[in-house]
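Working through the structure, step by step
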Amino acid sequence: MKLTRGTCDGPLRCDYHWGLDEVVFYVGETSPSLFLECFAGSAGTTLTLLLNDCVQRGILVVGDSYLGAFWREGLKTDNLIRKAMNFNANKMNVQEVVNNPDRDPAFWTLVKSQCSWRGRLDHKAFLEWNVTKAWNRERILESLSTVRSLSDRLDVIEGQDVQALEPYGDATALLQYPFDPYDNWNKALREKWYSEEEQDSLFQILASRKGPWILPSPSEKMSEWSKARQIGEAWMVRRKLPRPWLRESILVSDRQFAAGQNELSLADERRFHEFSEKKKSQ
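Report on the accompanying structure. The structure presented is a predicted model; accordingly, all values stated were derived computationally and were not measured.

Covered by surrounding structure in strand 4 (residues 172–175) are T172 and L174 together with A173 and L175, the residues of both alternating faces. Sheet analysis places strand 1 (residues 34–38) next to strand 4, joined by four bridges and oriented parallel. Note on strand 4: the bridge partner recorded for L36 is A173. Inspection of the sheet shows strand 4 paired to strand 5 (residues 213–216) by two bridges, in the parallel sense. Within strand 5, the residue paired with L174 across the bridge is I214.

Written out as structure tokens, the structure is:
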């Protein structure tokens, strides 16, 4: 499926839309009625799918009240657009906002994400050296306007555990906590998400779901469970790196799809090795 309207990174820099090519390919031509992104940060994947009409509706599950405040305000009002338009992003003003997260949680999330190093939201993350340059007003306003334009097709809910999936058993679900195991943003939630108990609950829910699901970067335990119980299959995605045989595991619900893609990928790898060996012998 071609993205005729391009990609949308989202108005936050706290994460990047993971494996968008793979998600679009997996969603395919089915145009699911509902796409669920757990746990969303910048939500670039869902925004891109909606913008290109790859899915009909989207729901973002966020595990944090600050992200929840941002998405609710960004979707349902023009307040963030007005605030971003009028904000003078000098060091003093940015620091004033960052130092007072509870004064305006939605705007704090936007400013912190845009002006902190790598978009990190943890309270101790330091700011970019040039916050004025980091505050790309034109891009921010464009992104916020895109979010606002999709408000009738996108909802947000707060949920801090995988049980948030249960009411949406028929939806196509992308499941990835947006912060890696070493990020200090919302440490309690991060530790819960990566705990064996939560991963076990997630596996049980996935086993009973009707709708397709995608689980990038599964834990070793999840991969073992999936293989032993034949629920889902590891799709071994080849990344375009200097070593083209470097692969990343993605668990998907469609076992036949994963097996077929893995077979094609291995065939490509064999051809690559044969070509390399042929060149060496010349």
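What follows concerns helix 12 (residues 255–281). The terminal C-alpha atoms of helix 12, which comprises 27 residues, lie 39 Å apart, in line with the 39 Å expected from a rise of 1.5 Å per residue. Among the residues making up helix 12, those that are buried are F257, A258, Q261, N262, S265, A267, E269 and S276. Where helix 12 is buried, its residues touch helix 1 (20–27), strand 6 (233–238) and strand 7 (247–252). Where helix 12 begins, the capping side chain belongs to D254, and its oxygen is found 3.2 Å from the backbone nitrogen of Q256.

What follows covers the packing of helix 10 (residues 196–208) against helix 11 (residues 220–229). Where helix 10 contacts helix 11, the axes come no closer than 10 Å and their chain directions differ by 30 degrees. Relative to helix 11, the crossing made by helix 10 is right-handed. Taken together, the residues of helix 11 that come into contact with helix 10 (itself represented by E196, Q199, D200, L202, F203 and L206) are K221, M222, W225, S226 and R229. Its residues placed into classes, the contact of helix 10 with helix 11 shows five nonpolar, two polar and four charged.

Thresholds, definitions, all that
Residues numbered from 1 in each chain as written. Predicted model: local features only at pLDDT ≥ 70, side-chain atom pairs only at ≥ 80, totals over all residues. Heavy atoms only, no water. Buried < 20%, exposed > 50% of the residue type's maximum accessible area, 1.4 Å probe, protein only. Helix = DSSP H or I, 4+ residues; strand = E, 2+ residues; numbered from the N terminus. Pairing = 2+ DSSP bridges. Expected span 1.5 Å × (residues − 1). Contact = heavy atoms within 4.5 Å. Polar contact = N/O pair within 3.5 Å; in protein donor to acceptor, adjacent residues only side chain to side chain. Axes fitted to C-alpha atoms, helices over the stretch in contact; angles between N-to-C directions. Left-handed = near helix turned anticlockwise from the far one by under 90°. Nonpolar A, V, L, I, M, F, W, Y, C, P; charged D, E, K, R; others polar.

Bear in mind that shape data such as this cannot, by itself, settle questions of function.
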